[in-house]
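Single-letter residue listing:
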Amino acid sequence: MLRVLAVVLLLIPQLARSETVKVLSGEHADFSRLVFQFEDATNWEVGRWDRGYELRIDRADVLFDVSSVFNLIPRQRISAFVESANGLRLVVNEGFHADAFEIRRNRLVLDIKDGAPPQGAPFEGVLDEAKTANLPQAPVSRPQLPEQKKQFPNPPVQLPLVQSAQVHQDAPDFPIEIVEEPALSDSARAFEQNLIEQLSRAASQGLLEANLPTTDELPELPTQAEPEPRPQPDEAASNQPHEKTHVKVRTRVDIDAQSARDSKPTTTFGKTCLPNDKFAIDEWGGEGSGFDVPSLRSALLGEFDEVEPKTVRDLARHYIYLSFGAEAKAVMRDLGVIVPDADILMAMANVMDNQPAVPGRIAGQESCDGDVAMWAVLVWDNEAALEEINEEAVKTAFSTLPVRLRKHLGPQLSAKLVELQEVELALAVRSAISRIPGDTDASFDLLDARIELALGNEDQAWQALEGVSDKGRSLSAEATLELLNSKIDAAAFVEGKRIADAESYAFERRGTDMGHALAAAAIHATISNGSPGDALKKLDETSSAMPLSEEDTVRLTDLAYDGLVAVAEDIVFLEHTVGPTMRKKLAKVNKEIRTKVASRLVDLGFPDEARAVLDLNTDVPMDYERLVLARAALAAGDVQIAMGYVAGLTGADADRLRADALAEIRNHADAARLYSELGLNPDALREAWLAQDWLRVTELGAGSQQEIAALLSAEVKTPDDTPLESHRALIKRSARMRDLLDTLTQ
């Protein structure tokens, strides 16, 4: 019965709440935003509690609905919510700070921003649990007292008292006489205020203990409003003398805190470095044999069968020490508690399983002088920009790992360093691994090959990769993939056996990312080897037996058709480009490559097919498409259409098409002139002959051509009174012309 009564009493405050505020959320580059929309104007304050920040309001009838908050924001900054009596508590990860403001009187915005709070931030104070939130109160009704004459011998003194929000029911029904105290000087008042502030500061730091009356001695008063919250004093200014005194007060805690702040390590960009105790994996092994899972699991439940978050963290850390990444993630995910440093442990667990990790707070810490530098390299996501890597910190962190973990993480760390072009550091890690007693596995051979590639020793790298691939060990598929990709990048020939190996491994791993990557590499290698037609056939086979990603399919199809235009024999080219079926495939090809296909079709004498291919481009044709359309129209005899396509175009290609069109309509003189301007002398000479432009033939021709042009252009002048000589000259000229023509036609 008592238990039922206790449950009912606990539920009464929830039942009494009359307003539900749905908390809205939004994610931004450097902060996560929460928006609280109240029905009425609500006074509020934000401050610290031991696990983050707390929002406190002046109403007890509000229930906060946070059910959809994490649909739009990750748990990188805010990891959970905890309800409190008059507000909501946010569990905030380290390295972030709060900022709050009102858009309207009933709409509050609370941002959790990246980085440490700025100096003098107003929301870093700890809220007082023993009082109602320190808020300006909205007006409340007061009991009416009988009207009475107030008796003040002098004007009232401005005392530092807080007016109660309500008058006590037992207030005396008689005038209160207030006696004026002697006024303090400005300097004395300033000294008093400074002393009060510093004593309060020392008390909050546990250096003083206030002599307060017992609870029984205190009268029971209604909840009263506190004055407006005092802005947080500037930390640097709090240690300076008051502006009206020469007194400066500093506690031992102030001095130690300032020293700690001054010595706190940061990255090169000013981000606070995570401490080593969060990555002390060598201390997470347990006693004896190092396998302490049973005892840690048995300690998960505490009093009242509640799961202890710190014990969950310890178990997850132990799993990570054992390199059981999946188990560590499961225990943090499935037990329904907020695990301290869960984001860091999740990233470390993914590293243990060689899976992509969300860097979270570890991101950007590679320049730190601590263990976090090594983990920042390990969680690097291959796209994010990195600061300068602290090589000594990485080496030190790696050397402090247990031997088993050095062998486990060493190849992965070296591979990351190779990708980052930190080859010397990768070699140092590889050297450290080689000194560990015992046999090495395929991962070390694969690492050696990657280092050789980074050093530019391609032949040695390919030999090492072929060795791993041929041994049929666990990393054979990965070695085969790297072998094909590196040869493709170097434009080297890929042996048919290696392509066949990749296809075999791809089939074994179909449906996985590795399977798709191997299939794509095999097709790409076939294209690189100069067989784009075979690659297109493989694409058809792969799409039905083992689908590739849409991105890979488009990329490889474009590459195959580009290669088809460049190197394929005419018969192979026509096999994959002519006909309705082929046009359906070409419809998915990049427009620029499709235009190249049409251009080669024109060259091969298929202008109609070229036009059909170009008709697949439904938008307004670009300049390079218009040139091919003009060539196709000209090849089909549509000169006017061709001239229309090149209208307004400039450049040598457009002028060449205009010259071709002029030649097609037998305007040989203009064609010869335009060809000559373009430097196309053979074409200009041909059109000049047809135009009987002997002067241009003389300029452009050589030998017999020039002599014939000179003979044809010269005038025969003979005296009128010597017809015989004139006839002889004509006969001689004709004979010479006949000899020259015989020479040209031989």
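What comes next is a walk through the structure. Position labels on residues start from 1 in each chain and follow its written sequence. In view of the model being predicted, local features appear only for residues whose pLDDT reaches at least 70, and side-chain atom pairs are presented and counted only at 80 or more, with totals across whole chains, interfaces and linings using the full set of residues. As a convention, hydrogens and water are excluded, and side-chain values are obtained from all of the structure's heavy atoms.

1. Quick word on the pairing of strand β3 (residues 31–37)
- Counting buried positions along β3 gives 5 out of 7 residues, so the element sits mostly inside the fold.
- In sequence, strand β2 (residues 24–27) turns back onto β3 through a hairpin of 3 residues.
- Two elements, β3 and strand β10 (residues 107–114), share 7 bridges in a ladder whose sense is antiparallel. The residue bridging S32 from the neighbouring strand is I112, located in β10. For every residue, the accessible area (1.4 Å probe, protein chains only) is compared with the maximum for its type, and the residue is labelled buried under 20%, exposed over 50%, or partly exposed between those bounds. In DSSP terms, a helix is any run of H or I states spanning at least four residues, a strand is any run of E spanning at least two, and both are numbered starting from the N terminus. When DSSP locates at least two bridges between a pair of strands, those strands are taken to pair.

2. A short note on the sheet that holds strand β8 (residues 87–92)
- Strand order in the open sheet made by the 4 strands is β4-β5-β8-β7, with antiparallel pairing throughout. Each edge of the open sheet carries a strand with a single partner, namely β4 (44–49) and β7 (78–84). Going across the sheet, the axis of each strand differs from the next one's by a mean of 20°, ignoring polarity.
- As paired strands, strand β5 (residues 52–57) and β8 are joined by 5 bridges and run antiparallel to one another. Of the residues in β8, the one forming a bridge with L55 is L88. For helices, the fitted axis covers only the stretch in contact; all axes are lines through C-alpha atoms, and the angles between them, taken along N-to-C directions, range from 0 to 180 degrees.

3. Considerations on the packing of helix α6 (residues 309–321) against helix α7 (residues 325–334)
- In the contact formed by α6 and α7, the axes pass within 8 Å of each other and the chain directions differ by 170°. By the angle between their axes, α6 is roughly antiparallel relative to α7. Judged by the twist between their axes, the crossing of α6 over α7 is left-handed. When α6 is examined against α7, the residues V312, L315, A316, Y319 and I320 are found in contact with a partner set consisting of E327, A328, V331 and M332. Note that the term roughly parallel is reserved for angles under 35 degrees, roughly antiparallel for angles over 145, roughly perpendicular for angles of 65 to 115, and oblique for everything else. Helix crossings fall into two classes, left-handed where the near helix is turned counterclockwise from the far one by less than a right angle and right-handed where it is turned clockwise. Whether two residues are in contact is decided by their heavy atoms, any of which lying within 4.5 Å being enough.

4. Overview of the side chain of R59
- With respect to the secondary-structure elements, R59 resides in the loop between β5 and β6 (62–65).
- Here a polar contact is taken to be a pair of N or O atoms separated by no more than 3.5 Å, where protein atoms must pair a possible hydrogen donor with a possible acceptor and residues adjacent in sequence count only if both atoms sit in side chains. A distance of 2.3 Å separates a polar atom in the side chain of R59 from a polar atom in the side chain of E19.
- Filtering out sequence-adjacent residues up to four positions away, R59 remains in contact with E19, F38, D40, T42 and N86.

5. A short note on the packing of aromatic side chains
- Within 6.5 Å between ring centres, the rings of Phe, Tyr and Trp (the latter by its six-membered ring) count as paired, and their orientation is classed by plane angle as stacked under 30 degrees, edge-to-face over 60, tilted in between. Tallied over the entire structure, the rule returns 5 aromatic pairs.
- Taken together, a centroid distance of 6.3 Å and an interplanar angle of 85° make the contact between F38 and F64 edge-to-face. Taken as a pair, F38 in the loop between β3 and β4 and F64 in strand β6 lie far apart in primary sequence, 26 residues in all.
- Judged by centre distance (5.7 Å) and plane angle (45°), the ring pair of F70 and F81 falls under tilted. Of this pair, F70 sits in the loop between β6 and β7 while F81 sits in strand β7, and the two are 11 residues apart along the sequence.
- Members of the aromatic cluster, each reached through a chain of ring pairs, are F36, F38 and F64.
- Note on criteria: charge over ring means Lys NZ or Arg CZ within 6 Å of the ring centre, with the direction from the centre no more than 35 degrees off the ring normal. The ring of F70 carries R75 above its face, with NZ or CZ at 3.9 Å from the centroid.

6. Quick notes on the state of the cysteines
- Two cysteine sulfurs form a disulfide in these notes if their separation is within 2.5 Å. Applying the stated criterion across every chain yields a total of 1 disulfide.
- Each disulfide pairs two cysteine sulfurs, and for C273 the partner residue is C368, the sulfurs being separated by 2.0 Å. Of note, the bridge from C273 to C368 carries an S-S torsion of about -90° and is left-handed in sense. Residue C273 is located in the loop between α4 (252–263) and α5 (293–298), and its partner C368 is located in the loop between α8 (342–352) and α9 (372–378); the two are separated by 95 residues in the primary sequence.
- Taking the relative accessible area as the measure of exposure, C273 reaches 9% and is therefore buried.

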